[in-house]
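Examination of the molecular architecture
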Amino acid sequence: MTDRAGIYARIIELIEPLNPKKVALAENTSFAGDLEIDSLTVMDLVASMEDEWDIVMPLNMLPDLETIGQVADAVTRLVTK
Amino acid sequence: MSDLFSKFDPLISERAGVLAKGVRDPFAIVMQQVKSPTVAVIDGRDTILLGTYNYMGMTFDADVIAAGETALRDFGAGTTGSRVLNGTYQGHKECEEALKDFYGMEHAIVFSTGYLANLGMVSTLAGKGDYIILDADSHASIYDGCYLGNADIVRFKHNSAEDLEKRLRRLPPEAGKLVILEGVYSMLGDIAPLKELVGIAKAHGAMVLVDEAHGMGFFGEHGRGVYEAAGVADDVDFVVGTFSKSVGTVGGFCVSNHPKFEILRLVCRPYTFTASLPPAVVACAATSIRKLMHAGEKRQRLWEMSRKLHGGLLARGFRLATETCESAIVSVLMPDQETTVRMWQAMLELGVYVNMSRPPATPAGVFLLRCSLCAEHSAAQLEIVLERFGQAAAMVGLFETAVEVAAE
Ligand SMILES: Cc1ncc(COP(=O)(O)O)c(C=O)c1O
């Protein structure tokens, strides 16, 4: 699925295994603050999203992507480009 | 007002927790006296050095020391200047000549450290709109070079030709691309399948930079590195290296055959905006590099010692990061932070210094006791090391812990 809602739902699925503390996942959940995911894990997550949608998400994009919603927006942009 | 140091609180308390258990700080070792490339005095005790990257034992080579002394006397203690102003001396040019001869390349540029060489090359070669494609386990200096520059950064799975291919395929064909690889990866001591990786990079029109920090001196016919041993010298555009390992002093460099290479001296900020190496250091480096061209016997000894340590540790039941001995780094896999620190300390108290490594420096969150060999290690020292490993493991109950972890 390549619409915003579908992408968001799939991102939630990809994050679930990295969320052992079962933090509630929402648009404004932040990776560093709420999920406490370290930068290496974030990079692995990026790799799986790249493979999922056959896109390139350069690492230098990451500082601007703090929340799940922002990541979903970025992926949507890349997929529809 | 918030304290800018608050962000370090988690690390401060993690360290305090480890040290509260009565162990010595693994990151605060002081060498009170250095007796040879393989022995130093730590805590007043003679200690076998098994974690220095002094692969070829050049730090105390008589010719190297003599060259350094002469340069110190004749050219002074420092240059007080950048390479592009008053900081290029005869010695810096001689050092670059030695590198060109060693690598059989047209151009060589000397930086003040290997860290700065990567910082400079990576940030300058790839600019806005270009892509850097780097191995996920790349050294911090490569990552920092990415962050200093303006290129788009794409990471591929460590040593995976398939993943590199997949990521290159997704990039715009017309965009400039730099693929960055290392010959030896220093955490696990594994080597890169350069033949495949470089082949894929070239098939996608990328330029290739290989960091040979841990391969210089003893891989390949001329000791140029893993890329030479892999037979891909013609397809590697840039080789980065350091003087802080096999060469036995300090400094960094890049060599290349690119016809426009020399322009880097004016556009590469980590070259331009820092002081050049002191005359004694470049004199030591040049002498050492020239000697490394004819170090066949040392190379052979280094490999022999490395294989012996690798095999000996396996035979004693240790779990190692590589199945076979791939380089002069032998990494022992440890179960957790506490056992690693205790075992590291036990080794030190038994008179053997190894490196302790922990995440995030290590890949996949592993804890390691890392050993690096020196051509000057004697067979007797190696016997002692193996014995001490066994003793230290018993002292900390390593094999009991390891069994529990495996059973989980
Ligand atoms: C792969 C790699 N590249 C670069 C460096 C940096 O070298 P230097 O110690 O000269 O700054 C190191 C070692 O620290 C390294 O392991």
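First, a word on scope: everything that follows refers to the structure included in this document. Computed from a predicted model, the values in this text were never measured in an experiment. (Residues numbered from 1 in each chain as written. Chains lettered and ligands numbered in written order. Predicted model: local features only at pLDDT ≥ 70, side-chain atom pairs only at ≥ 80, totals over all residues. Heavy atoms only, no water.)

**Remarks on the sheet that holds strand β15 (residues 355–357) of chain B**
All names here are of chain B. On the basis of which strands lie adjacent, the open sheet formed by three strands has the order β13-β16-β15 and antiparallel pairing. Each having just a single partner strand, β13 (329–334) and β15 make up the two edges of the open sheet. With strand direction ignored, the average angle separating the axes of adjacent strands in the sheet is 25 degrees. Across three bridges, the pairing between β15 and strand β16 (residues 367–372) is antiparallel. Along β16, the bridge assignment pairs Ser357 with Leu368. Against the sheet, helix α13 (residues 337–349) makes contact with β13, β15 and β16, and its axis sits at roughly 30 degrees relative to β16, the strand it touches most. (Pairing = 2+ DSSP bridges. Helix = DSSP H or I, 4+ residues; strand = E, 2+ residues; numbered from the N terminus. Axes fitted to C-alpha atoms, helices over the stretch in contact; angles between N-to-C directions. Contact = heavy atoms within 4.5 Å.)

**Structural notes on the pairing of β13 of chain B**
Where burial is concerned, most of β13 of chain B is hidden: six out of the six residues are buried. Residues Ile329, Ser331 and Leu333 of chain B point to one face of β13 of chain B and Val330, Val332 and Met334 of chain B to the other, with burial holding for every one of them. (Buried < 20%, exposed > 50% of the residue type's maximum accessible area, 1.4 Å probe, protein only.)

**What to know about the pattern of salt bridges**
Following the criterion strictly, the structure yields 33 salt bridges over all chains and no others. Among the salt bridges present, the one from Arg167 of chain B reaches Asp51 of chain A, with a minimum N-O distance of 3.1 Å. A residue pair is termed interchain when its members come from two chains, as with Arg167 of chain B in helix α6 (residues 161–169) and Asp51 of chain A in helix α2 (residues 39–53). For Arg167 of chain B, a relative accessible area of 3% corresponds to the buried category. When the shortest N-O distance is used, the salt bridge between Arg170 of chain B and Asp54 of chain A registers 2.6 Å. Placement of the pair is Arg170 of chain B in the loop between α6 and β7 (177–182) and Asp54 of chain A in the loop between α2 and α3 (68–80), with the two residues belonging to separate chains. For Arg170 of chain B, a relative accessible area of 17% puts it in the buried group. (Salt bridge = Lys/Arg side-chain N within 4 Å of Asp/Glu carboxyl O.)

**Focus on a nonpolar patch on the surface**
Residue and element names in this part refer to chain B. Residues Val84, Leu85, Ile263, Leu266 and Val267 make up a contiguous nonpolar surface patch of roughly 500 Å² in combined accessible area. Note on placement: Val267 falls in helix α9 (residues 264–267). Judged by relative accessible area, Val267 falls into the partly exposed class, the value being 46%. (Patch = residues over 30% accessible without salt bridge, like charges linked within 9 Å, V, L, I, M, F, W, Y side chains within 5 Å. Areas by Shrake-Rupley, 256 points an atom, 1.4 Å probe, with all protein chains shown as cover.)

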